[in-house]
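# Fold and contact review
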Amino acid sequence: MRAVVLSGGGADGAYEVGVLKALINGRSPANGFSALDPDIFTGTSIGSFNCSFLVSQWHQFGLASIGNLESVWLDRLASTASDCGNGAYRLRANPLDLLNPGCLIDDPLNLLRRFAVDSAEVGWEGIRRFAHLFSDYDSGLERVVELFNFSSFISREPWQRTIRDTIDFEAIRRSEKVLRIIATNWATGELKIFENFEMSDTLGQRAIEASSAVPGFFPPADVGSQPFVDGSVLLNTPLTPAIHAGGTEIYIVYLDPDIRSLPLADEENTLETLYRMQQIGWASSVKSDLDAARRINEVLRFVGREATSREPTDSALRQFVQRYARFKPLVVHRFFPREALSGTLGLLNLKKERLEFLIRRGFEDAVEHDCERSGCLLVDRSAISPETTRSL
């Protein structure tokens with residue numbers, strides 16, 4: 001069972017497209033230069049969109065689905081000098097839109113109406129927060145900090161349209177490909193995994209919105225009666241769900257580089273500090289999941305030795321061997337950039353030239369993939385029982 005695991009990372013998700021382009025077209029040594037036809041797709045945040053799109057397209061287009069995904073990134077999500085924004089987000093009441101010929105030519109009346117509505121909503125939000133400044137319930141410092149909410153200036157209408165126009169949710173429900181989308185319950189702090197059968201036109205749309213609702217940037221997305229946010233809060237790189245879904249040969253693509261390659265800022269600032277904290281947290285999570293996969297293989301080596309030796313006399317040991325003999329060894333190929341793809345706000349940079357660069361870079365990294373350098377998890381077949389080895 002081959003699985004693709006895609007992490008979150010906003011605009012840097014174009015790098016994932018490049019890696020998959022090489023794998024699916026048989027250009028990477030990771031899968032022996034053969035075309036990759038995955039059985040399982042798991043994704044968080046922008047990875048949830050990439051996975052959902054591929055699953056929805058695979059039955060009709062097969063390996064060509066990755067080309068269609070690349071087109072969506074470059075023709076729909078990307079922004080150019082002549083475009084009016086991008087396909088992911090829009091700044092509310094942005095006066096520069098009124099000076100952009102691309103916006104004016106497209107629909108000037110709608111632009112003016114939207115600008116007026118945005119101005120009213122942002123203005124009302126400002127009045128409400130300013131009034132709270134004089135409340136008696138919080139400290140003065142807390143009231144000042146609460147004056148600003150960045151998500152008030154962001155509209156996710158473009159992202160909603162992109163999801164609705166590009167993903168066939170009925171095809172996802174019918175697909176034989178396993179899909180797992182990761183989100184975080186903002187009210188309970190619990191992990192939520194959405195599966196194929198849940199991807200209705202309404203719930204599927206909300207699931208992807210929830211998985212990609214970066215806290216502080218996008219407001220939470222309501223799924224049923226519960227608010228959900230980006231799955232990266234708890235699980236940015238969903239390797240474990242891929243293993244639980246039956247994946248044994250796993251191709252994991254994540255967008256955070258080796259922390260040691262990130263230079264410390266000459267001048268510390270809040271954004272740089274938060275960015276480094278985030279990168280360290282995500283790197284630690286990936287390492288933990290890979291360690292868990294490595295332990296599974298270690299257990300299977302022991303089980304293999306015991307299964308091929310004389311029957312264990314200890315009942316507890318015998319039950320242990322019988323329990324784990326049904327498991328399969330794991331192969332995990334890791335793809336990630338050597339250096340940071342962007343700075344603290346790079347996940348918002350959807351300029352077409354940059355997306356083309358990221359896709360090209362992901363493709364080149366996959367073509368030049370070196371398992372030893374990347375720290376892949378491979379199977380020592382000689383140390384595992386013949387029965388277990390044949391299960392591969």
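As a reminder, the structure under discussion sits directly above these lines.
Let me begin by describing the structure that accompanies this report. (Residues numbered from 1 in each chain as written. Predicted model: local features only at pLDDT ≥ 70, side-chain atom pairs only at ≥ 80, totals over all residues. Heavy atoms only, no water.)

### Focus: the overall build of the protein chain
Note the cut-off: Secondary structure counts use DSSP, requiring at least four H or I residues in a row for a helix and at least two E residues in a row for a strand, with both numbered from the N terminus. Under the scheme applied here, a residue whose accessible area is under 20% of the maximum for its type counts as buried, over 50% as exposed, and between as partly exposed, the area being computed with a 1.4 Å probe on protein chains only. Whether two residues are in contact is decided by their heavy atoms: any pair within 4.5 Å suffices. Residue-level accessible areas treat just the shown protein chains as cover; the underlying method is Shrake-Rupley with a 1.4 Å probe.
The helix and strand tally for the protein chain stands at 15 helices and 10 strands. Counting across all 392 residues of the protein chain, residues that qualify as buried make up 48%. Look at the contacts in the protein chain between residues 6 or more apart in sequence, and 71% of them connect residues 24 or more apart. A total of about 19,500 Å² of accessible surface is found on the protein chain, and carbon and sulfur atoms cover 54% of it.

### A look at the pairing of strand β9 (residues 249-253)
Formally: Whether two strands pair comes down to DSSP finding at least two bridges between them.
Within β9, four of the five residues are buried, which leaves the element mostly enclosed by the surrounding structure. When strand β1 (residues 2-6) meets β9, the two strands line up parallel, connected through five bridges. Its bridge partner lying in β9, Ala-3 is registered against Ile-250. Two elements, β9 and strand β10 (residues 331-335), share five bridges in a ladder whose sense is parallel. Residue Ile-250 lies in a different strand from β10, and its bridge partner there is Val-332.

### Focus on the packing of helix α3 (residues 65-77) against helix α13 (residues 352-367)
Short version of the rule: Lines fitted to C-alpha atoms define the axes here, with helix axes fitted over just the stretch in contact, and angles between the N-to-C directions of these axes take values from 0 to 180 degrees. Each angle is binned into one of four classes, with values under 35 degrees roughly parallel, values over 145 roughly antiparallel, values of 65 to 115 roughly perpendicular, and all other values oblique.
Two numbers describe how α3 lies on α13: the axes approach to 9 Å, and their chain directions differ by 155°. Looking at the two axes, α3 sits roughly antiparallel to α13. The segment α3 lies against α13, with Glu-70, Trp-73, Leu-74 and Asp-75 engaging Lys-352, Leu-355, Glu-356 and Ile-359.

### Some details on the pairing of strand β2 (residues 40-44)
Consecutive side chains of a regular strand alternate in pointing toward one face of the sheet and then the other. Of all five residues that make up β2, five are buried, and the element is covered over most of its length. The side-chain alternation of β2 yields two buried faces, one formed by Ile-40, Thr-42 and Thr-44 and the other by Phe-41 and Gly-43. For β2 and strand β5 (residues 178-185), the ladder comprises five bridges, and the chain directions are parallel. Along β5, the bridge assignment pairs Phe-41 with Leu-179.

### Description of the packing of aromatic side chains
Here is the rule we go by: Here is the rule: rings of Phe, Tyr and Trp (six-membered ring for Trp) pair when centre to centre is within 6.5 Å. Planes less than 30 degrees apart are stacked, more than 60 are edge-to-face, and the remainder are tilted. Two conditions define a charge located above a ring, namely a distance within 6 Å from the ring centre to NZ of Lys or CZ of Arg, and an angle within 35 degrees of the ring normal.
This model, assessed by the stated rule, comprises seven aromatic pairs. Seen in terms of ring centroids, Phe-194 and Phe-228 are 6.1 Å apart; in terms of plane orientation they differ by 65°. Their pairing is edge-to-face. Taken together, the residues Phe-194 in strand β6 (residues 191-195) and Phe-228 in strand β8 (residues 226-230) connect sequence positions 34 residues apart. Residue Phe-194 is classed as buried on the basis of its relative accessible area, which comes to 2%. One aromatic cluster in this structure is built from Phe-49, Phe-53 and Trp-159. The ring of Phe-194 carries Lys-192 above its face, with NZ or CZ at 5.1 Å from the centroid.

### Thoughts on the nonpolar core
The cut-off we apply is this: Among the buried residues, those of types Ala, Val, Leu, Ile, Met, Phe, Trp, Tyr and Cys that are joined through side-chain atoms within 4.5 Å form a nonpolar core.
Counting residues in hydrophobic clusters, the biggest one holds 62 residues, and the most contacted among them are Phe-49, Trp-73, Trp-159, Ile-208 and Leu-355. Tallying contributions element by element places helix α1 (residues 14-24) first for this core, with eight residues. The residues contacting Ile-208, other than those within four sequence positions of it, are Ser-48, Phe-49, Ser-52, Trp-159, Ile-163, Ile-167, Phe-169, Ile-181 and Met-199. By size, the runner-up hydrophobic cluster in this structure holds 17 residues, among which are Val-178, Ala-242, Ile-243 and Leu-377.

### Things to note about the pattern of salt bridges
Quick reminder of the rule: By convention in these notes, a salt bridge is any Lys or Arg side-chain nitrogen within 4 Å of a carboxyl oxygen on Asp or Glu.
Evaluated as defined, the whole model comprises 13 salt bridges. Between Arg-76 and Asp-165 there is a salt bridge; the shortest N-O distance is 2.8 Å. Note that Arg-76 is positioned in helix α3 and Asp-165 in helix α7 (residues 157-166), a separation of 89 residues in sequence. Residue classification places Arg-76 among the partly exposed positions, given a relative accessible area of 29%. The structure contains a network of salt bridges with shared partners spanning Lys-287, Asp-291 and Arg-294.

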